[in-house]
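What follows is the residue order along each chain.
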Amino acid sequence: MSNLHLSVTKTPTGWQLPGIANLHSHAFQRAMAGMAERQANPEDSFWTWRETMYRFAARFDPDTLHAVAAQVYAEMLEAGYTTVCEFHYLHHAPDGTPYDDPAAMSRAIIRAARDTGIRLTLLPVLYMQGGFDGRALSERQRRFGHDVDGYLRLFDMLLPEINDGMKLGCALHSLRAVPAEAMHSLLPRLPSDAPIHIHIAEQIGEVQDCMAMRNARPVEWLLDNADVSDRWTLVHATHLTSGETQGIAKSGATVAICPTTEANLGDGLFPLRNYLDANGAWGIGSDSHISVSPVEELRWLEYGQRLLTRHRNIAVREASPSVGETLMRGVAASSAQASGFAGTGDVVVLDGGAAQLAGATQDDVVDRWIFSGNRNLVDEVHVAGQRVVAEGQHRDRDAIASGYGAAMRPLLA
Ligand SMILES: [Zn+2]
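Predicted model only: the values in this text are computed from it and were never measured. (Residues numbered from 1 in each chain as written. Predicted model: local features only at pLDDT ≥ 70, side-chain atom pairs only at ≥ 80, totals over all residues. Heavy atoms only, no water.)

1. Notes on the environment of A384
At step 1: Its place among the elements puts A384 in the loop between strand 13 (378-383) and strand 14 (386-390).
At step 2: C-alpha of A384 to C-alpha of I257: the two residues are 127 residues apart in sequence and 25 Å apart in space.
At step 3: In contact with A384, other than residues within four places in its own chain, are R119, T344, G345 and D346. (Helix = DSSP H or I, 4+ residues; strand = E, 2+ residues; numbered from the N terminus. Contact = heavy atoms within 4.5 Å.)

2. What about the nonpolar core?
At step 1: With 135 residues, the main nonpolar core has F60, Y73, L222, W232, W282 and W369 as its most contacted residues.
At step 2: Top element by residues in this core is helix 3 (residues 62-79). It accounts for nine residues. (Core = buried A, V, L, I, M, F, W, Y, C linked by side-chain atoms within 4.5 Å. Buried < 20%, exposed > 50% of the residue type's maximum accessible area, 1.4 Å probe, protein only.)

3. What to know about the coordination of the zinc ion
At step 1: In the first shell of the zinc ion, the protein supplies H24 (NE2), H26 (NE2) and H199 (NE2), at 2.0 to 2.2 Å from the metal.
At step 2: For the zinc ion, the donor residues sit on a single chain with the sequence spacing H-x1-H-x172-H. With a gap of 175 residues between them, H24 in strand 3 (residues 20-25) and H199 in strand 8 (residues 196-200) connect regions that are remote in the sequence.
At step 3: H24 sits in the buried class, given a relative accessible area of 0%. (Donors = N, O, S within 2.8 Å, 3.2 Å for Na, K, Ca; no water.)

4. Brief notes about the side chain of E244
At step 1: Relative to the helices and strands, E244 resides in helix 9 (residues 242-251).
At step 2: Looking at E244, the relative accessible area reads 4%, which means it is buried.
At step 3: Contact partners of E244, with chain neighbours within four places excluded, come to R217, P218, V219, E220, L223 and H239.

5. Notes on the packing of helix 3 against helix 4 (residues 104-116)
At step 1: At a minimum axis separation of 8 Å, helix 3 and helix 4 run at an interaxial angle of 35°. Where helix 3 crosses over helix 4, the handedness of that crossing is right-handed. Mapping the contact onto sequence places P62, D63, L65, H66, A69, A70, Y73, A74 and L77 in helix 3 and A104, M105, A108, I109, R111, A112, A113, D115 and T116 in helix 4. (Axes fitted to C-alpha atoms, helices over the stretch in contact; angles between N-to-C directions. Left-handed = near helix turned anticlockwise from the far one by under 90°.)

6. A look at the pattern of salt bridges
At step 1: Here the structure, examined in full by the defined rule, presents 14 salt bridges.
At step 2: A salt bridge links R107 to E161, with the nearest nitrogen and oxygen atoms 2.7 Å apart. Of this pair, R107 sits in helix 4 while E161 sits in the loop between helix 5 (148-158) and strand 6 (166-168), placing them 54 residues apart in sequence.
At step 3: The exposure class of R107 is partly exposed, given its relative accessible area of 26%.
At step 4: One salt bridge connects D364 with R368, and the closest N-O pair in it is separated by 3.6 Å.
At step 5: With relative accessibility at 24%, the residue D364 sits in the partly exposed group.
At step 6: Several salt bridges converge on common partners, so that one network encompasses D101, R107 and E161. (Salt bridge = Lys/Arg side-chain N within 4 Å of Asp/Glu carboxyl O.)

Structure below.
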């Protein structure tokens, strides 16, 4: 009946599924998860959260970044993610001075991926200005910044790192952080197969600023001004007109939806039903890592739509009445184009002895995994044929957790 159906198989010990790509991650934010949940002001919003995040971001160095990234990557593997697209913008020392090795922070991410065994699509971020009006980066943003030439030097420095477990792509932070001329100058100078990711239309304020300065909504502007294709991943794309929804679907780009982070930040709800009707490509990301679980992302993707429409079973296709299967098929279908990895040899095995899966069949096992309870049913994970998780635990879980604990002390000091 479907591609996914063929790749869900019963083994003597469990249920085998394809590995899942996490299309959007800021690894460092794992260390502040759960620490921005106290009201400081009745007007708390995405923009006040961002100030807290900037204060936190200012404390990282390559060693602490490595320890935190290793922790979150091990958690991802234990949850069933086998690939991570790391949208990486902590480039320089906190005052904006490049490190002696200008790629030191990128190399910390690469090391964390290698140590844990997750596939990494590293997306160094171009971040140039503090808003659509071209204002300079704020003090807190200085460590994120490059001009186009500096960015390309970093990109070239990272090219030799590409191997079977690592790909290199490009991230434009957002339309507000990258002027139009810079985007036009950069894109033709990238390798023609490099994936391109961008944050877009996450917040209403960003849509309004874009309208004011560029006379178009963000997605509308991007579709009119860039050759958006299946190389592109649009992260969030929360606030869309129906024309924009159709336009993204037609372009072949993937939307990276991050339901738990979008809920946590009060962003809004992606128009999933209209996008599925337009045959749009999409995947999921754990973004700020307030949750590291494809089950929770997919569950809340569907639940958001149910709460909005007061109906049930929204994410289905004509050929697939199962919500879980439709969701997993969507994720599997976009994985290679958004990450650059075919994911060969990536397997997740669910515990066949778990009570939640008692009597499961090939027809209902994915629904039962996603929509029944909170025990992590992932028993084994294999990346490129190598087993990295056994009995639900990453092979280096304890050592990585102790490195993370040590890194948290200076971060919280
Ligand atoms: Zn993001």
